[in-house]
Amino acid sequence: MNDDLQNDSIMSLADRYMFQTYGRFPVALIRGEGCRVWDEEGNEYLDFVGGIAVCALGHSSPVVSRALEEQSKRLVHVSNLYYTKPQVELAKLLVENSFADRVFFCNSGAEANEAAIKLARRYANEKFGPDRHMIISMDNSFHGRTMATLSATGQTKIQFGFDPLLQGFRFASFNDVKSLDEIMDDSVCAVILEPIQGEGGVVCPDSGYLKEVRNLCTEREVLLIFDEVQVGMGRTGRPFAHEHYGVTPDIMTLAKALGNGLPIGAMLSTEKLSPAFGPGSHATTFGGTPLVTAVSKAVVQSLLEDGWIENAKTMGQYFKGQLDELVRRYDFIKEVRGMGLILGMELKVPGAPVVEACLREGFLINCAQENVLRFLPPLIVQKGEVDLLVEALDRILGELKTDEEI
Ligand SMILES: *Cc1c(COP(=O)(O)O)cnc(C)c1O
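Since the model is a prediction, treat every value here as computed from it, not as a measurement. (Residues numbered from 1 in each chain as written. Predicted model: local features only at pLDDT ≥ 70, side-chain atom pairs only at ≥ 80, totals over all residues. Heavy atoms only, no water.)

Colleague: What is the right way to read the side chain of H143 from this model?
Modeller: Within the fold, H143 resides in the loop between β5 (134–138) and α6 (147–151). Among all residues touching H143, those that are not within four sequence positions of it are A110, N113, S137, T149, A152, T153, I192, L193, E194 and D227. (Helix = DSSP H or I, 4+ residues; strand = E, 2+ residues; numbered from the N terminus. Contact = heavy atoms within 4.5 Å.)

Colleague: Sorry if this is basic, but what is going on with the site of the ligand here?
Modeller: Residues in contact with the ligand, as listed here, are S108, G109, A110, N113, F142, H143, G144, E194, D227, V229, Q230 and K256. Within the backbone of A110, one N or O atom sits 2.8 Å away from an oxygen atom of the ligand. Here an oxygen atom of the ligand and a side-chain polar atom of K256 are 2.7 Å apart. A per-class count over the shell around the ligand returns three nonpolar, six polar and three charged. (Near = heavy atom within 4 Å. Polar contact = N/O pair within 3.5 Å; in protein donor to acceptor, adjacent residues only side chain to side chain. Nonpolar A, V, L, I, M, F, W, Y, C, P; charged D, E, K, R; others polar.)

Colleague: When you look at the layout of surface pockets in this model, what are you seeing that I'm missing?
Modeller: To find leftover empty space, a probe the size of one water molecule is rolled over the atoms. Space inside the second largest pocket adds up to approximately 860 Å³. Taken together, 28 residues form the lining of the second largest pocket, with Q87, V103, F104, F105 and F277 sitting closest to its centre. The biggest single contributor to the lining of the second largest pocket is strand β4 (residues 102–106), with four residues. Of the residues that constitute the lining of the second largest pocket, the class distribution is 15 nonpolar, eleven polar and two charged. (1 Å grid on protein atoms, 1.4 Å probe; cavity = no way out; pocket = protein on both sides within 12 Å on 5 of 7 lines; lining within 4 Å. Points joined across faces, edges and corners; volume = space filled by probe spheres on them.)

Colleague: For this particular structure, what's the right way to read the UniProt feature "binding site: pyridoxal 5'-phosphate" (unreviewed entry) in the chain?
Modeller: UniProt feature "binding site: pyridoxal 5'-phosphate" (unreviewed entry): in the numbering of this structure it lies at G109, A110, F142, D227, E228, V229, Q230 and T285. Their sequence span is 177 residues, while the largest C-alpha to C-alpha distance among them is 25.3 Å; these annotated residues do not converge on one region. Checked against the lining of the second largest cavity, the annotated residues just named reduce to T285. Within the secondary structure, F142 sits in the loop between β5 and α6. Sequence-distant contacts of F142, that is, excluding residues within four places in its chain, are made with T153, Q155, I158, E194, E199 and D227. Here E228 lies in the loop between β8 (223–227) and β9 (251–254). A relative accessible area of 0% places E228 in the buried class. When near neighbours in sequence (up to four residues on either side) are disregarded, E228 contacts P195, F240, A241, H242, M252, T253 and L254. (UniProt positions renumbered as here; feature names shortened; annotations may be inferred. Buried < 20%, exposed > 50% of the residue type's maximum accessible area, 1.4 Å probe, protein only.)

Colleague: Teacher, can you tell me more about the packing of aromatic side chains here?
Modeller: Centre distance and the angle of the planes are the two values used to describe a pair of aromatic rings. Tallying each qualifying case throughout the model produces five aromatic pairs. Measuring from centroid to centroid gives 5.4 Å for F174 and Y209, while their planes differ by 70°, and the two rings are edge-to-face. One end of the pair, F174, is in the loop between β6 (169–172) and α8 (177–183); the other, Y209, is in helix α9 (residues 209–220), and 35 residues separate them in sequence. Each member of the pair F174 and Y209 is classed as buried. Among the aromatic residues, ring-to-ring pairing joins F48, F319 and F375 into one connected group. A cation sits over an aromatic face here: R121 above F169, 5.4 Å from the ring centre. Here the guanidinium or amino end of R132 rests over the ring plane of F128, the centre of that ring lying 3.9 Å away. (Phe/Tyr/Trp six-rings, centres within 6.5 Å; stacked < 30°, edge-to-face > 60°. Lys NZ or Arg CZ within 6 Å of the ring centre and 35° of its normal.)

Colleague: Where do I start with the UniProt feature "binding site: N(2)-acetyl-L-ornithine" (unreviewed entry) in the chain in this structure?
Modeller: Following the UniProt record, one finds the feature "binding site: N(2)-acetyl-L-ornithine" (unreviewed entry) at R145 and T284. When only the residues just named are considered, the second largest pocket is lined by T284. You can see R145 is positioned in the loop between β5 and α6. Note on R145: relative accessible area 58%, which makes it exposed. Filtering out sequence-adjacent residues up to four positions away, R145 remains in contact with A110, L150 and I158. Relative to the helices and strands, T284 is located in the loop between β10 (265–269) and α10 (290–305). Given the relative accessible area of 18%, T284 is considered buried. With residues near it in sequence (within four places) discarded, T284 still touches N80, F104, F105, C106, N107 and E111.

Colleague: I keep staring at the sheet that holds β8 and nothing clicks. Help me out?
Modeller: Spatially, β4-β10-β9-β8-β7-β5-β6 is the arrangement adopted by the seven strands of the open sheet, whose pairing is mixed. Edge positions in the open sheet fall to β4 and β6, since each of these has one partner strand only. Averaged over all neighbouring strand pairs, the angle between strand axes comes to 20°, with direction disregarded. Taken together, the four bridges between β9 and β10 define a ladder with antiparallel strand orientation. Looking at β10, one finds that I251 is bridged to S269. Sheet strands in contact with helix α4 (residues 85–96) are β4, β9 and β10, and its direction is about 130° off that of β4. Packed onto the sheet, α9 meets β5, β7 (188–193) and β8 and runs at close to 145° relative to β8. (Pairing = 2+ DSSP bridges. Axes fitted to C-alpha atoms, helices over the stretch in contact; angles between N-to-C directions.)

Here it is in structure tokens:
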């Protein structure tokens with residue numbers, strides 16, 4: 001530990017030297033283990049943010065440390081001019097456990113969506129000609145912060161000040177097939193959507209909706225892209241969220257939990273689209289380095305084989321049940337939504353004071369939109385830890401209620 005960088009000076013140095021792009025909480029975290037993290041003053045926090053759905057195996061996972069240590073001594077990076085073993089092994093593992101036949105590796109969720117957009121356009125261009133290039137996205141969606149992915153994001157606050165946005169995107173309402181049908185003309189090559197909208201406030205698809213979207217896309221020969229960057233890799237209690245709804249996409253994007261914190265994204269598709277991404281069509285220097293893919297392979301194997309996806313399902317059901325109890329008790333809670341360990345509690349009041357009170361009591365949670373408390377704990381979370389959070393939340397909401405009445 002660096003003794004001359006005290007807690008407050010980490011914060012003041014960040015204020016002085018870094019772009020102020022993040023509205024950060026006033027804590028500097030220095031260590032983590034399992035579902036717990038500690039700040040420099042030794043305060044302990046139970047982590048229900050999980051690095052925003054990233055740290056599925058928790059902090060300081062031995063699975064990660066072991067793979068990182070072994071691979072870092074063997075080969076870290078050589079470029080995609082050469083074959084490397086961990087990359088191929090991870091691709092095989094993902095293909096064998098999903099609908100997909102082919103994988104492209106990159107470094108983030110936004111980049112995975114960039115690859116998906118490029119693949120869809122290139123495929124449609126070769127098959128139907130250049131006029132078929134439009135991509136339909138959903139209102140309230142989130143697909144990333146690069147120019148293409150923020151143009152595909154259905155939230156004006158994320159697009160503000162960055163005009164001109166990229167052309168070739170139009171928007172439908174989530175959970176409304178009619179609004180999709182109305183704008184799906186011959187210029188459309190793909191539809192991109194999150195099976196559960198994460199940043200949008202944990203918005204789940206109505207029953208039958210994704211099937212109707214799939215059918216419409218198949219009928220019009222339009223590609224369907226599922227952005228599973230946040231909900232994939234077991235978070236919902238199945239390896240991929242779309243598996244709950246009995247539909248498969250043509251393209252799927254992954255990132256967040258794929259590397260448990262090491263930067264990796266992936267774009268997967270069926271064999272049919274593979275020829276559109278031939279040599280020279282797309283590339284990235286760091287995508288799928290031996291180091292990152294060796295760690296990711298160990299992470300994915302552990303998620304699939306060590307029962308953590310099942311744990312996400314059972315803990316998610318228990319957690320949701322406990323949160324539903326709170327809905328009954330406090331009339332300023334609108335509802336609880338979600339599946340597995342992506343849960344959202346929509347309030348009729350702003351969520352920020354609750355998030356701040358949780359932090360003071362030693363719990364990390366965050367807020368999606370203004371008023372949806374979002375819970376994304378590591379998939380290894382245990383019942384006792386869920387109970388601690390729910391008890392704290394009950395206390396905090398109780399005080400909020402008293403304050404409101406005064
Ligand atoms: C986080 C997220 C992204 C962007 O991922 P980055 O790694 O931040 O680029 C894209 N789509 C969804 C659904 C996300 O939750």
